[in-house]
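Chain by chain, the residues run as shown.
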Amino acid sequence: SQQGEEDPQALSIQEGENATMNCSYKTSINNLQWYRQNSGRGLVHLILIRSNEREKHSGRLRVTLDTSKKSSSLLITASRAADTASYFCATDEDSGNTPLVFGKGTRLSVIA
Amino acid sequence: NAGVMQNPRHLVRRRGQEARLRCSPMKGHSHVYWYRQLPEEGLKFMVYLQKENIIDESGMPKERFSAEFPKEGPSILRIQQVVRGDSAAYFCASSPRQGLIAFFGQGTRLTVV
């Protein structure tokens, strides 16, 4: 079953605006990762945040993690048309040898 | 260091044929994961392998699907007697160990006609 659930399912914004995507999960985790997928392509890793971290930055990306609420958010600041893609969160459960479990993703459209 | 290599990128099979999807992990990576993605959907976990061992195959259909990761050579996902519902993109990812970043290949798009 899916662990991460992204919200919203789809998001459309103007270039220059910020985009915020949320992810909720169900079990205890070791870390949470965000990936990006351009249409018809593979997934590209964006950022990993560990369960003992609350916030992490990478360029225009800001990720937060709230383990008490079992949720994470991905903020893309000053969005560009090239940010148009699907964004997925993936969790690494804290229960031994488990694979990354992905949500259904948020489809972001940035309009120039 | 080449990334995760999957081939073929596109595969067309008639119903009832066999499909073989190959995945060469990144150098030094001994953990391989296979995922399936239907159009407009997320990735669904199928199977997790380490060299010569299947660690978790809870996402793999019990029939017609099998996976291996031999000591030498790529990981293979094999689908026997394909049906139209098997049409999807199949992605492979590798990591040096569990819990670290998984690097994905570009996927194999299987079309069953």
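Refer to the structure above for everything that follows.
Residues numbered from 1 in each chain as written. Chains lettered and ligands numbered in written order. Predicted model: local features only at pLDDT ≥ 70, side-chain atom pairs only at ≥ 80, totals over all residues. Heavy atoms only, no water.

Enquirer: Tell me what's going on with the sheet that holds strand β3 (residues 19-24) of chain B, and back it up with residues and numbers.
Expert: Residues and elements named next belong to chain B. The strand order across the open sheet built from four strands is β1-β3-β8-β7, with neighbouring strands paired in antiparallel fashion. The open sheet terminates on both sides in strands that have one partner only, identified here as β1 (5-7) and β7 (65-68). Going from strand to strand, the sheet's axes swing by 15 degrees on average, the running direction of each strand aside. Judged from the three bridges that link them, β1 and β3 form a sheet pairing that is antiparallel. Following the sheet pairing, M5 is matched in β3 by S24. (Pairing = 2+ DSSP bridges. Helix = DSSP H or I, 4+ residues; strand = E, 2+ residues; numbered from the N terminus. Axes fitted to C-alpha atoms, helices over the stretch in contact; angles between N-to-C directions.)

Enquirer: Which residues make up the pairing of strand β9 (residues 85-93) of chain A, and what are the values?
Expert: Residue and element names in this part refer to chain A. Among the nine residues of β9, nine are classified as buried, and the element is accordingly described as predominantly covered. Along β9, one buried face is formed by A85, Y87, C89, T91 and E93 and the opposite face, lined by S86, F88, A90 and D92, is buried too. Direction of pairing for strand β4 (residues 29-37) relative to β9: antiparallel, over a ladder of eight bridges. If you follow N31 over to β9, its bridge partner there is D92. Of the strand pairs in this sheet, β9 and strand β11 (residues 106-111) are connected by three bridges, and their pairing is antiparallel. (Buried < 20%, exposed > 50% of the residue type's maximum accessible area, 1.4 Å probe, protein only.)

Enquirer: With reference to specific residues and values, describe the sheet that holds strand β1 (residues 5-7) of chain A.
Expert: All names here are of chain A. The antiparallel open sheet is built from five strands, whose spatial order is β1-β3-β8-β7-β6. Each edge of the open sheet carries a strand with a single partner, namely β1 and β6 (55-58). For this sheet the average axis-to-axis angle between neighbouring strands, irrespective of direction, equals 20 degrees. The pairing of strand β7 (residues 61-66) with strand β8 (residues 71-76) spans six bridges and is antiparallel. Looking at the pairing, R62 lines up with L75 of β8.

Enquirer: Provide a residue-level description of the pattern of salt bridges, including the pertinent values.
Expert: Where charged atoms of side chains with opposite charge meet at close range, the side chains can pair. Overall, the coordinates contain seven salt bridges over all chains when judged by the stated rule. A salt bridge links R36 of chain A to D83 of chain A; the shortest N-O distance between them is 4.0 Å. Pair noted here: R36 of chain A is in strand β4 and D83 of chain A is in the loop between β8 and β9, with a separation of 47 residues, a long-range link. Assessed through its relative accessible area of 16%, R36 of chain A is described here as buried. Residue classification places D83 of chain A among the buried positions, given a relative accessible area of 7%. Of the charged contacts, one joins D86 of chain B and R64 of chain B as a salt bridge, the two residues approaching to 2.7 Å between their closest N and O atoms. Within this pair, whereas D86 of chain B is found in the loop between β8 (75-79) and β9 (88-95), its partner R64 of chain B is found in the loop between β6 (53-56) and β7, the two being separated by 22 residues in sequence. Exposure remark for D86 of chain B: the relative accessible area of 3% places this residue in the buried category. (Salt bridge = Lys/Arg side-chain N within 4 Å of Asp/Glu carboxyl O.)

Enquirer: Can you lay out the layout of surface pockets for me, pointing to particular residues and giving the numbers?
Expert: Its volume calculated, the largest pocket comes out at about 440 Å³. Along the wall of the largest pocket there are 24 residues; nearest its centre are Q37, S39 and G40 of chain A together with Q37 and E40 of chain B. When residues of the lining of the largest pocket are traced back to their parent elements, those giving at least two are β9 and β11 of chain A together with β9 and β11 (108-112) of chain B. (1 Å grid on protein atoms, 1.4 Å probe; cavity = no way out; pocket = protein on both sides within 12 Å on 5 of 7 lines; lining within 4 Å. Points joined across faces, edges and corners; volume = space filled by probe spheres on them.)

Enquirer: Could you give an account of the side chain of E6 of chain A, with specific residues and numbers?
Expert: All names here are of chain A. Among the secondary structure elements, E6 is positioned in strand β1. With no salt bridge to any partner, buried E6 finds its closest opposite charge in R107, at an N-O distance of 8.3 Å. At a separation of 2.9 Å, a polar atom in the side chain of E6 contacts the main-chain amide nitrogen of K104. Polar contacts involving the side chain of E6 include one to the main-chain amide nitrogen of G105, which spans 2.8 Å. (Lys, Arg positive; Asp, Glu negative; His and termini not counted. Polar contact = N/O pair within 3.5 Å; in protein donor to acceptor, adjacent residues only side chain to side chain.)

Enquirer: If you had to explain the state of the cysteines to someone new, which residues and values would you point to?
Expert: As used in these notes, a disulfide is a covalent bond between sulfur atoms, one from each of two cysteines. Summed over the entire model, instances satisfying the criterion amount to two disulfides over all chains. For C23 of chain A, the disulfide goes to C89 of chain A, at an S-S distance of 2.0 Å. Disulfide C23 of chain A-C89 of chain A: torsion about the S-S bond near 65 degrees, hence right-handed. With C23 of chain A in strand β3 (residues 19-24) and C89 of chain A in strand β9, the pair connects residues that are 66 residues apart, well separated along the chain. By relative accessible area, which is 1% here, C23 of chain A ends up buried. On the basis of relative accessibility, which here comes to 0%, the residue C89 of chain A falls in the buried class. A sulfur-sulfur separation of 1.7 Å characterises the disulfide bridge that pairs C23 of chain B with C92 of chain B. (Disulfide = S-S within 2.5 Å.)

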